[in-house]
Amino acid sequence: MRLRTFILISLASWTVFVLSVRFSWNLDEPMSQEANAGKEVWQSHNCVSCHTLLGQGGYSGEDLTHIMAKRSPDDINAFFRHPPVIPPHQEEKHPSLTPLETQDLIAFLEYMRTIPTLGWPPEPKRLESGDIL
Amino acid sequence: MKALTGKQIARRFMLYAVFLFGSQGIVALLGASALVLPDLPSPISAEYGRAVHLALATFWPVIGMLGMVYYFTAEQLKTDIYSPKLARWQFLIMLVTSLSLLGSLALEIGNGREYLDGLPIFYAGISLGILIEAYNLGRTLWENRQRLTPATGIMAVGVAFLCILLIPNILHYSNPVADEAVKFWVVHLWEEMAFELTTSGFIASFFVATGIANKKDIEKWLYLEATLSVMGGLFGTGHHYYWIGFPSIWLFLGSFFSVIQAIPVFLLANLIYKGFKNHKVLNLKEKLAVWLILSSIFHHLTGATLLGLLMTIPWVNLYTHGTYITSGHAHLALFGTIGFLILAGAYTILSDRESPTPKTYRYGVAGVILLNLGLIGMSLCLLIAGFLQTYLWRVLGLDFMAVSSIIRPYLSLRVLSGSLFTSGALILCTIIIRTWWKTWTVRRKTTG
């Protein structure tokens, strides 16, 4: 095999790969303006350093991909109005957000819930009262 | 004989990479301590501390790799690079932009993208630096096309890919799925494709130069290995696309091409094994570099390839994705595979024709052992923490915060292993920098 053949195979593979990825990232539903602004809030506060979205990010906080299935917008608003101390910290509180930022973040997290993740995260097994860990 | 200018410029890249690696050892140790010692006073918030750690993890290897490619291209072709002046400018651009990126992150200025946090202008500067090298190498190879070797060819293609993969990451993506997908063109494809090409070229050059392996044997399979690395690396990215909103075909593509990716690793390991069976007696300088290369091969086979393959099985990944298992694997795959090789390259290049004293050699070996013990210890702690997260949180459905309390002892043990790692890193950095200083003063006297 020669360098020219290697370069041609590499370029062909790269082209097919980029096209496949481009067609795969299409969204089923368009994102609203609020959801877009919420993504900016997520990024500007560097939430990804502690939390994961789609399983990607820091592991010290919980994954938030489907958080809106577990918490209501009121819960989220209340959380950011009076951010709690985050264990194991004794003093340091969770960063706060303005009400507008919170609304946008909620719209973004609502949107993230609609992304088809092929069954991830898996549904945990329900523990019965007699089960031993 | 007068040293080639391209080789001399490569020394700057290596010295800067070693400095960044030493800083990484300290930053990482402080970050890991902050995770288990709550409310520890710190000049940088934990969020941006992590961003600095990830930026260092991404950029110290690439700067070292770029220096190695210049050096070993000149070494293989027995000629200078096309434009040493361009290489000097490239170094300056990369020095300014990478330091600005790290400085701005320390000042909490970023864009909130994991691994690629920081203002796009700095990524544009780093891309420009890599582009200059790709051009410089392309012209060097073209002008020496009669003497071209497979090692120089695949190293140049590797550098071109580093640039092609980084440029799309300068852009802003409002689509969160696209944002994640493009991020892995650096996070996965730099490590598992572009660096595979440049490191294969380095290993081939080093083994031919030291006489460990026969040039003909090395070159026979190099293009085949490189082609498998490119195809396997590209579509193997699919294992990062399983659950991010991509169609289910990527479950097949990701797992199938992850197996293909493993083939060149085993081919390389086989080649090295054969080379060592009949190798000549090595001097202390070569021996120290070989210690580092063998460490890389060990982690490449175990932590990166075998553990990586296990994790890419979709039914396993469904449970382990988004836990500390990923972090444990990432440490073994990134530092274990690439980091050790760049340290080997840095030591070889910066020591020039100098050989270490037996005492320095013993310190060097102690540094390599500490790095290995620290890395294995850290990764094991992260893997155990990740396994507990997988079982207790994902499988049994225990509360996330309750599981976080259970795994805290393992994260504390990670800090202890991290201190071994940092000690090893500082020992090796000191040896490499002292060697550079010694050879630099000798050069100044001879040229002055």
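For the structure given in this document, a descriptive report is provided here. Small disclaimer: the values here were computed from a predicted structure and weren't measured.

What counts, and where the lines are drawn
Residues numbered from 1 in each chain as written. Chains lettered and ligands numbered in written order. Predicted model: local features only at pLDDT ≥ 70, side-chain atom pairs only at ≥ 80, totals over all residues. Heavy atoms only, no water. Helix = DSSP H or I, 4+ residues; strand = E, 2+ residues; numbered from the N terminus. Rg over C-alpha atoms; globule rule 2.2 N^0.38 Å. Buried < 20%, exposed > 50% of the residue type's maximum accessible area, 1.4 Å probe, protein only. Contact = heavy atoms within 4.5 Å. Areas by Shrake-Rupley, 256 points an atom, 1.4 Å probe, with all protein chains shown as cover. Lys, Arg positive; Asp, Glu negative; His and termini not counted. Charge placed at Lys NZ, Arg CZ, Asp CG, Glu CD. Salt bridge = Lys/Arg side-chain N within 4 Å of Asp/Glu carboxyl O. Core = buried A, V, L, I, M, F, W, Y, C linked by side-chain atoms within 4.5 Å. 1 Å grid on protein atoms, 1.4 Å probe; cavity = no way out; pocket = protein on both sides within 12 Å on 5 of 7 lines; lining within 4 Å. Points joined across faces, edges and corners; volume = space filled by probe spheres on them. Patch = residues over 30% accessible without salt bridge, like charges linked within 9 Å, V, L, I, M, F, W, Y side chains within 5 Å. Polar contact = N/O pair within 3.5 Å; in protein donor to acceptor, adjacent residues only side chain to side chain.

A count of helices and strands for chain B gives 14 helices and 0 strands. Computed over its C-alpha atoms, the radius of gyration of chain B comes to 21 Å, within 12% of the 22 Å expected for a compact globule of 448 residues. Seen through its C-alpha atoms, chain B measures out along the principal axes to roughly 70 × 45 × 45 Å. Every one of the 448 residues in chain B was classed for burial, and the buried ones make up 61%. For chain B, restricting intrachain contacts to residue pairs at least 6 apart in sequence, the fraction spanning at least 24 positions comes to 85%. With the model as given, the accessible surface of chain B reaches about 17,100 Å², and the carbon-plus-sulfur share is 69%. Side-chain charges of chain B comprise 32 positive and 21 negative groups, with the mean position of each set lying 13 Å from the other.

For the structure shown, the criterion picks out 11 salt bridges over all chains. Glu62(A) is paired through a salt bridge with Lys70(A); the nearest N and O atoms lie 3.3 Å apart. The exposure class of Glu62(A) is partly exposed, given its relative accessible area of 24%. One salt bridge connects Glu180(B) with Lys183(B), and the closest N-O pair in it is separated by 3.1 Å.

Most often, soluble globular proteins have nonpolar side chains that are buried together. Membership of the largest hydrophobic core comes to 158 residues, with the highest contact counts inside it found for Phe17(A), Ile130(B), Trp190(B) and Tyr241(B). Sort the elements by how many residues they give to this core and helix α2 (residues 46-77) of chain B lands first, with 18 residues. Non-local contacts of Trp190(B), meaning those with residues more than four positions away in its chain, are made with Thr58(B), Phe59(B), Val62(B), Ile130(B), Leu162(B), Leu165(B), Leu166(B), Trp185(B) and Phe195(B). Of all hydrophobic cores here, the second largest spans 15 residues; its members include Tyr59(A), Trp393(B), Leu396(B) and Phe400(B).

Of the voids in this model, the second largest pocket is the one considered here, and its volume is about 630 Å³. Forming the boundary of the second largest pocket are 21 residues, of which Leu3(A), Arg4(A), Ile7(A), Leu141(B) and Leu148(B) lie nearest the centre. Of all the secondary structure elements, the ones that give two or more residues to the lining of the second largest pocket are α1 (3-24) of chain A together with α4 (120-143) and α5 (150-166) of chain B. Among the elements that line the lining of the second largest pocket, the one with the most residues is α5(B), at 7 residues.

Let us look at a nonpolar patch on the surface. A cluster of nonpolar side chains, Leu107(B), Ile109(B), Leu119(B) and Ile121(B), forms an exposed patch at the surface whose accessible area comes to about 380 Å². Within the fold, Leu119(B) resides in the loop between α3 (84-106) and α4.

In this assembly, 57 residues from chain A lie in contact with 73 residues from chain B. The interface formed by chain A and chain B holds 1 salt bridge in total. Across the salt bridge formed by Lys39(A) and Asp179(B), the nearest N and O atoms sit 2.7 Å from each other. Where chain A touches chain B, the interface holds 17 residue pairs in polar contact (both at pLDDT 80 or more). Counting residues per element, the ones that place at least two in the side of chain A that touches chain B are α1, α2 (33-44), β2 (56-57) and α5 (99-113) of chain A. When residues of the side of chain A that touches chain B are assigned to their parent elements, the largest contribution, 13 residues, is made by α1(A).

All names here are of chain B. By secondary structure assignment, the location of Leu54 is in helix α2. For Leu54, a relative accessible area of 9% translates into the label buried. Sequence-wise, Leu54 and Asp117 are 63 residues apart; in three dimensions their C-alpha atoms are separated by 8.5 Å. Look past the residues within four positions of Leu54 in its chain and what remains in contact with it is Glu114 and Tyr115.

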